[in-house]
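Now for the letters of each chain:
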Amino acid sequence: MKSSPEWKTLSDDQKAIIASHQAKLPVAVGAIAKDLGLIILKSTMPGSISGEIRETEGVVTIKVNRHDVKERQRFTIAHEIAHFLLHRERLASGITDDVLYRSRLSDDLEREANRLAADIIMPASLIEQELLAHSALKLDERYKKVAELAQVSLAAIKIRTGKK
Ligand SMILES: [Zn+2]
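The structure displayed is predicted, hence computed values, not measured ones.

(A) Molecular detail of the pattern of salt bridges. Enumeration over the complete set of coordinates arrives at ten salt bridges. For Asp 108, the salt bridge goes to Arg 111, with nearest N and O atoms at 2.8 Å. You can see Asp 108 and its partner Arg 111 sitting in helix H5 (residues 107-121), three residues apart, about one turn around the helix. We classify Arg 111 as partly exposed; its relative accessible area is 44%. We note a salt bridge from Asp 140 to Lys 158, for which the minimum N-O separation is 4.0 Å. In this pair, Asp 140 sits in helix H7 (residues 139-150) while Lys 158 sits in helix H8 (residues 154-160), placing the two residues 18 residues apart along the sequence.

Below, the structure is given as structure tokens:
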């Protein structure tokens, strides 16, 4: 499990802010957003939408679909943080992500955001450490346990560890 190419493009300050909230699982994605100066609003949105990010007069606001399960809301916040860090110049007209994290941006840009979101919410060292710590469990149970600890979906952990 390695950091994404996108992670390597972040400034030292940005990496330090994120790392300061990655000492243990679950990673405090809300606190990362706050430290980056972003506002998070839990909003009533159509079921087909996971979230959006928009910059208005220098203020960057993330909206998260309040009806999604907690794990999904957490990944959405990480995904929108990634758009802020990687695609800042595109936020003025807003980016709205559907349930598959597709938007008016290209699939390539969406993949960048998903890779960085995974680095933020599932830091490789912590995930590897917890998988090791629970090596007495059956494989499926291990993934379930680590997904619970990280407060992400089982699918997210499997993708992160290359098992899916
Ligand atoms: Zn997106």
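Having seen the model, we can carry on.
(B) Inspection of the packing of aromatic side chains at higher detail. Scanning the entire structure with this criterion turns up one aromatic pair. With centroids separated by 5.6 Å and ring planes inclined at 55°, the aromatic side chains of Phe 75 and Tyr 101 adopt a geometry described as tilted. Placement of the pair is Phe 75 in helix H4 (residues 70-86) and Tyr 101 in the loop between strand E4 (95-98) and H5, with a sequence separation of 26 residues. On the basis of relative accessibility, which here comes to 8%, the residue Tyr 101 falls in the buried class.

(C) Here's a closer look at the coordination of the zinc ion. For the zinc ion, the full set of protein donor atoms is His 79 (NE2), His 83 (NE2), Asp 97 (OD), Asp 97 (OD), Glu 110 (OE) and Glu 110 (OE), and the range of their distances to it is 2.0 to 2.7 Å. Here the zinc ion is ringed by six donor atoms whose angles at the metal span 53 to 154°, and the overall shape comes out irregular. Sequence spacing among the residues donating to the zinc ion works out to H-x3-H-x13-D-x12-E. A residue pair is termed long-range when its members are at least 10 positions apart, and His 83 in helix H4 and Asp 97 in strand E4 qualify at 14 residues. You can call Asp 97 buried: its relative accessible area is 0%.

About the thresholds
- Residues numbered from 1 in each chain as written.
- Predicted model: local features only at pLDDT ≥ 70, side-chain atom pairs only at ≥ 80, totals over all residues.
- Heavy atoms only, no water.
- Salt bridge = Lys/Arg side-chain N within 4 Å of Asp/Glu carboxyl O.
- Helix = DSSP H or I, 4+ residues; strand = E, 2+ residues; numbered from the N terminus.
- Buried < 20%, exposed > 50% of the residue type's maximum accessible area, 1.4 Å probe, protein only.
- Phe/Tyr/Trp six-rings, centres within 6.5 Å; stacked < 30°, edge-to-face > 60°.
- Donors = N, O, S within 2.8 Å, 3.2 Å for Na, K, Ca; no water.
- Tetrahedral: all angles 85-135°; square planar, octahedral: opposite > 155°, others 65-115°.

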